[in-house]
Amino acid sequence: MTLSFDVQLSENGRTPAEREQVLSDPGFGKTFTDHMVTIDWTEERGWHDARLTPYAPLSLDPATSVFHYAQELFEGLKAYRQTGESIVTFRPYSNAARFNASARRMAMPELPEQVFVEALELLVQTDRDWVPTTEGHSLYLRPFMIATQVGLGVNHPSNAYRFVVIASPAASYFAGGVKPVSVWLSQDFTRAAVGGTGAAKCGGNYAAAFLAQRQAVEKGCDQVVWLDAVEHRWVEEMGGMNLFFVFRDRLFTPALTGTLLPGITRASLLTLAADLGIPAEEGRINIDEWRDGCASGEITEVFACGTAAVITPVGTVSGQDGSWTVGDGTPGPMTMRLRDELMGIQFGSRVDSHDWIHKIC
Ligand SMILES: *Cc1c(COP(=O)(O)O)cnc(C)c1O
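Scope of this entry: the structure provided in the associated data block.

The rules behind these values
Residues numbered from 1 in each chain as written. Predicted model: local features only at pLDDT ≥ 70, side-chain atom pairs only at ≥ 80, totals over all residues. Heavy atoms only, no water. Helix = DSSP H or I, 4+ residues; strand = E, 2+ residues; numbered from the N terminus. Expected span 1.5 Å × (residues − 1). Buried < 20%, exposed > 50% of the residue type's maximum accessible area, 1.4 Å probe, protein only. Contact = heavy atoms within 4.5 Å. Near = heavy atom within 4 Å. Polar contact = N/O pair within 3.5 Å; in protein donor to acceptor, adjacent residues only side chain to side chain. Areas by Shrake-Rupley, 256 points an atom, 1.4 Å probe, with all protein chains shown as cover. Nonpolar A, V, L, I, M, F, W, Y, C, P; charged D, E, K, R; others polar. Pairing = 2+ DSSP bridges. Right-handed = clockwise from strand over helix to strand, strands pointing away. Axes fitted to C-alpha atoms, helices over the stretch in contact; angles between N-to-C directions. Parallel < 35°, antiparallel > 145°, perpendicular 65-115°, else oblique. Left-handed = near helix turned anticlockwise from the far one by under 90°.

### Observations regarding helix α4 (residues 113-126)
Taking 1.5 Å per residue as the helical rise, α4 with its 14 residues ought to reach 20 Å, and the 20 Å between its terminal C-alpha atoms agrees with that figure. Listed in full, the buried residues belonging to α4 are Val-115, Phe-116, Val-117, Ala-119, Leu-120, Glu-121, Leu-122, Leu-123 and Val-124.

### Brief notes about the side chain of Arg-98
The residue Arg-98 is located in helix α3 (residues 92-105) in this model. Arg-98 gets classed as buried once you look at its relative accessible area, which sits at 9%. Once residues lying within four places of it in the same chain are set aside, the contact partners of Arg-98 are Glu-75, Gly-76, Lys-201, Leu-261, Pro-262, Gly-263 and Ile-264.

### A closer look at helix α9 (residues 333-347)
In this model α9 runs 21 Å from its N-terminal to its C-terminal C-alpha over 15 residues, within 8% of the 21 Å that 1.5 Å per residue would give. When you tally the buried positions in α9, you get 11 out of 15 residues, the bulk of the element. Gly-348 sits one or two residues past α9 and shows a positive phi near 90°.

### Some remarks on the site of the ligand
What surrounds the ligand is a group of 15 residues, the closest being Lys-201, Tyr-206, Glu-237, Thr-265 and Thr-307. Between the ligand and Tyr-206, the relevant distance is 2.6 Å, taken from an oxygen atom to a side-chain nitrogen or oxygen of the residue. One of the backbone N or O atoms of Ile-264 is found 2.8 Å from an oxygen atom in the ligand. In isolation the ligand has 390 Å² of accessible area, and contact with the protein removes 96% of it. Here the residues of the shell around the ligand sort into 4 nonpolar, 7 polar and 4 charged.

### Observations concerning the pairing of strand β13 (residues 250-254)
Counting buried residues in β13 gives 4 out of 5 residues, a clear majority hidden from the surface. Bridge count for strand β12 (residues 242-247) against β13 is 3 bridges, and the pairing is antiparallel. Bridge assignment links Phe-247 to a residue of β13, and that residue is Arg-250. The antiparallel hairpin formed by β12 and β13 contains 2 residues in its connecting segment, where Arg-248 sits at a positive phi of about 45°. Looking at chain direction, β13 and strand β14 (residues 280-283) are connected through 4 bridges and run parallel. From the neighbouring strand, Pro-254 faces β14, where its bridge partner is Gly-283. Between the parallel elements β13 and β14, the chain passes through helix α7 (residues 264-276) in a crossover that is right-handed.

### With respect to the packing of α3 against α4
The N-to-C vectors of α3 and α4 enclose an angle of 125°; their axes lie 9 Å apart at closest approach. By the angle class used here, α3 and α4 are oblique. For the element pair α3 and α4, the recorded crossing hand is right-handed. From α3, Pro-92, Tyr-93, Asn-95, Ala-96, Ala-97, Phe-99 and Asn-100 reach across to α4, where they touch Glu-113, Gln-114, Phe-116, Val-117 and Leu-120. Class assignment for the residues of the contact of α3 with α4 results in 8 nonpolar, 3 polar and 1 charged.

Right, here's the structure in full:
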């Protein structure tokens, strides 16, 4: 399928001085670029009206389906300014494929992968001056899709959808760089059960997670760690990132059981580990094994990974039965090595031997 994008440039975008002001301290997901991309879908017409327009609020009928039944999904990836000035993204076709996997689970229409990537390219090319030059900063891209049928009936999925891409300059996700986070093992709440939507990147998963995240903060922790929905003891993932353990110098990560998000960072680290000759395994680990492994010294590092925060070490773990420290509570050598490798590929200082880098301009 080919779609041509109608282009309407902003006439009152921010001035270069205003943009520099934002780029000097972007934070995460707070300020957006001057444009957005939109594509509509209806049963009769399929995908149509692809357009780039000035960034602006959406105007939607209060009875629009997404407001009531949360048929929504999203993606997250970044554009990086590499040494040599080219602007690239990382594995955008993997995000396109996951977007469509999420769409199937949510009974939403799939978008051809090529169109998904073209939408990103058009927005990044148009707003390329918003891609930060500061080391380690990037332009976060947020494609999403909402159900736009007007009406409150629930016998069918919506018959109309809108795909939108917005972009936001990003420093690091967690303020403070590679400072280890403290995590709370959530045994009162669950994120996803088998047959649910845990493997789909949909807003509903997050809607149901805020209460647990608030509880984590009340317990003095930065982030929640989700456990399985049946026994409440098998480790699944962190709030919005996958988890890795360093166990006797081997990497270990919870297997994709359908109840956690198949992270692209997670998949990339498993591949990089193989490149570096680090043994890596997927499987199950419960919270007793986590605590005992830290006590015996067999588990030396734990880190979380995802596009937004790349790799973030886990320093302390707390739960109903007390707290413990991972290693000495500081970022470990395997964590930092993998972080350097991955960011090196993304920012262009290391060889991209897997064709992960997709040049935009
Ligand atoms: C997006 C996300 C991740 C990380 O996925 P990446 O593709 O690595 O960015 C992990 N867990 C959840 C719940 C997510 O939404």
